[in-house]
Amino acid sequence: MRKILMLLAILMLSVTSLSACAPAEPETSTVKVGIAIYKFDDTFMTNYRTEMEAYFATLSTDAMMYEVSITDGKNDQATQTEQIDSFIAQGYNLLIVNLVDLTAASTIIEKVKAAGIPTVFINRQPSTEDMALWDKITYVGAKAEDSGTYQGEIAVDLWKNDAALDKNADGVMQYIMLMGQEIHQDAALRTEYSIKKVVAEGIEVEVLFQERGNWDRVLGQEKTAAALAQFGDEIEMVFANNDDMALGAIEALKAAGKVIPVIGVDATAPALDAIAAGDLAGTVLNDSVGQAHTSVDKAVALLNGETLEKEYWVPYVKVTPENYKDFQ
Ligand code: GAL
Ligand code: CA
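The model shown is predicted, which means the values in this text are computed figures rather than measured ones. (Residues numbered from 1 in each chain as written. Chains lettered and ligands numbered in written order. Predicted model: local features only at pLDDT ≥ 70, side-chain atom pairs only at ≥ 80, totals over all residues.)

Student: Residues and numbers for the site of ligand 1, please.
Tutor: Around ligand 1, the surrounding shell holds 13 residues, and the nearest of these are Asp42, Phe44, Asp186, Trp215 and Asn242. When residues of the shell around ligand 1 are sorted by domain, at least three fall in each of domain 1 (29-142 + 288-314) and domain 2 (144-285). (Near = placed C-beta within 6 Å. Domains from an automatic or database assignment.)

Put into structure tokens, the structure is as follows:
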């Protein structure tokens, strides 16, 4: 008996010493993050996804690695849904989703809920009803109304400071509007609130042309060329729901030898250059860096089991020739 006890004691000792000698290396846990972007060929969303990836890299430590995979939905919801199915099948831990089609939100939410994968929606806001389907989802965006209002303010400032902008001197601002994709809340709200602001400042308006350029530079150029062919010198102001369409509009104006103020949204690098060159009258910072950091922070918080709000807003900032350098 004593022998056995002795043996046991020795055994236990060696076990303790063994474990004491075991290397103190912490285990690395890997968090697999799937990011689904509506399409890669989009200037603002490219800045956004690049920043999310860079920010996840800064959060990675020896103990906790974020392994990020980003998919291109190619502006097709069926393609994006397959990509999300594949993330789920591969056991991803966290998703960030920039939906192609907002009407697919409930389907996607049911899928991530069934799989128990916390998900942050970005840039395209699912309805309140859809967001209520699960508590481990949230939305990160920017208040599109504000971006429209800032565009309106820029137009009002220009108009009030330069009587020559009213080319036909009728006291009415004749304008054209280049709109983003129909599915997107930003398109409708920027279109509405930009003009609302102009009217609220006591300026009469007349819309000559209002068509969709779907956030796209080439379409923005083509639509503006069409508007110029139809209305020529009657156009006094150009509103674009984003900078890529505004830059397309500037190309069309240059080709036609016209100088008309153009106002965009996003404050992308080429847009800031266009302000520097005197081609773009103003834009509104759609803060891709701020939104990228907020969505990543919220995704990590969801993974940590925190209870979150249903939506988080990153502010827009008005950008004009006076302050554009602060954003370059
Ligand atoms: C908007 C942005 C556009 C486009 C769109 C994509 O917020 O202003 O340029 O990127 O999102 O959904
Ligand atoms: Ca006029």
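Student: So what about the pairing of strand β3 (residues 94-97)? Which residues, and what values?
Tutor: Burial of the side chains of β3 extends over both faces: Leu94 and Ile96 are buried on one face and Leu95 and Val97 on the other. Across four bridges, the pairing between strand β1 (residues 29-37) and β3 is parallel. When the sheet's bridge partners are listed, isoleucine 35 is paired in β3 with isoleucine 96. Across three bridges, the pairing between β3 and strand β4 (residues 119-122) is parallel. By the bridge assignment for β4, isoleucine 96 is matched with valine 120. For the handedness criterion, the β-α-β arrangement of β3, helix α4 (residues 105-115) and β4 is classed as right-handed. (Buried ≥ 20, exposed ≤ 12 C-beta atoms within 10 Å, placed from the backbone. Helix = DSSP H or I, 4+ residues; strand = E, 2+ residues; numbered from the N terminus. Pairing = 2+ DSSP bridges. Right-handed = clockwise from strand over helix to strand, strands pointing away.)

Student: Before we move on, could you go through helix α11 (residues 288-303) and cite the residues and values that matter?
Tutor: Think of an α-helix as turning once every 3.6 residues; residues three or four places apart then point the same way. With 16 residues, α11 ought to run about 22 Å at 1.5 Å a step, and its terminal C-alpha atoms sit 22 Å apart, in line with that. Here α11 has its buried residues at Ser288, Gln291, Ala292, Thr294, Ser295, Val296, Lys298, Ala299 and Leu302. Lining the buried residues of α11 we find α2 (43-59), β3, β4, β5 (137-141) and β11 (311-313). Immediately beyond the C-terminal end of α11, within one or two residues, lies glycine 305, with a positive phi of roughly 85 degrees. (Expected span 1.5 Å × (residues − 1). Contact = placed C-beta atoms within 7 Å.)

Student: Describe in detail the pairing of strand β2 (residues 64-72), supporting the description with residues and values.
Tutor: Looking at chain direction, β1 and β2 are connected through nine bridges and run parallel. Considered in β2, the bridge of isoleucine 37 is made with aspartate 72. Remark: the β1/α2/β2 crossover connection has right-handed handedness.

Student: Run through the packing of helix α3 (residues 77-89) against α4, naming residues and quoting values.
Tutor: Orientation of α3 relative to α4, taken along the N-to-C sense of each, is 5 degrees, at an axis distance of 11 Å. Considering their axes alone, α3 and α4 lie roughly parallel with respect to each other. Two secondary-structure elements touch here, α3 through Thr81, Ile84 and Ile88 and α4 through Ile108, Lys111 and Ala115. Grouping the constituent residues of the contact of α3 with α4 by class yields four nonpolar, one polar and one charged. (Axes fitted to C-alpha atoms, helices over the stretch in contact; angles between N-to-C directions. Parallel < 35°, antiparallel > 145°, perpendicular 65-115°, else oblique. Nonpolar A, V, L, I, M, F, W, Y, C, P; charged D, E, K, R; others polar.)

Student: Lay out the packing of helix α9 (residues 243-255) against helix α10 (residues 269-276) with the relevant residues and their values.
Tutor: As a packed pair, α9 and α10 sit with axes 9 Å apart at the nearest point and diverge in direction by 45 degrees. As the angle between them shows, α9 and α10 are arranged oblique. As α9 packs across α10, the resulting crossing turns out to be left-handed. Residues Asp243, Ala246, Leu247 and Ile250 of α9 pack against Pro270, Ala271 and Ala274 of α10. Of the residues that constitute the contact of α9 with α10, the class distribution is six nonpolar, no polar and one charged. (Left-handed = near helix turned anticlockwise from the far one by under 90°.)

Student: Residue-level account of the nonpolar core, with values.
Tutor: Counting residues in hydrophobic clusters, the biggest one holds 45 residues, and the most contacted among them are Val238, Ala240, Ala246, Ala249 and Val262. Among the elements that line this core, the one with the most residues is α9, at seven residues. Leave out the neighbours within four places in its chain, and valine 262 touches Val238, Ala240, Ala246, Ala249, Ile250, Leu280 and Ala281. If you look at the next biggest cluster of nonpolar residues, it comprises 35 residues, including Ile37, Phe56, Leu94 and Ile117. (Core = buried A, V, L, I, M, F, W, Y, C linked by C-beta atoms within 7 Å.)

Student: Just give me the short version of the sheet that holds β5, but keep the residues and values in it.
Tutor: Spatially, β2-β1-β3-β4-β5-β11 is the arrangement adopted by the six strands of the open sheet, whose pairing is parallel. Two strands in the sheet have a free side with no partner beyond their single neighbour: β2 and β11. Strand after strand, the sheet turns through a mean of 20 degrees between neighbouring axes, direction not considered. Together, β1, β2 and β3 form the strand contacts of α2, whose direction differs from that of β2 by roughly 165 degrees. Strand contacts of α3: β1, β2 and β3, with the helix running at about 170 degrees to β1, the strand carrying the most contacts.

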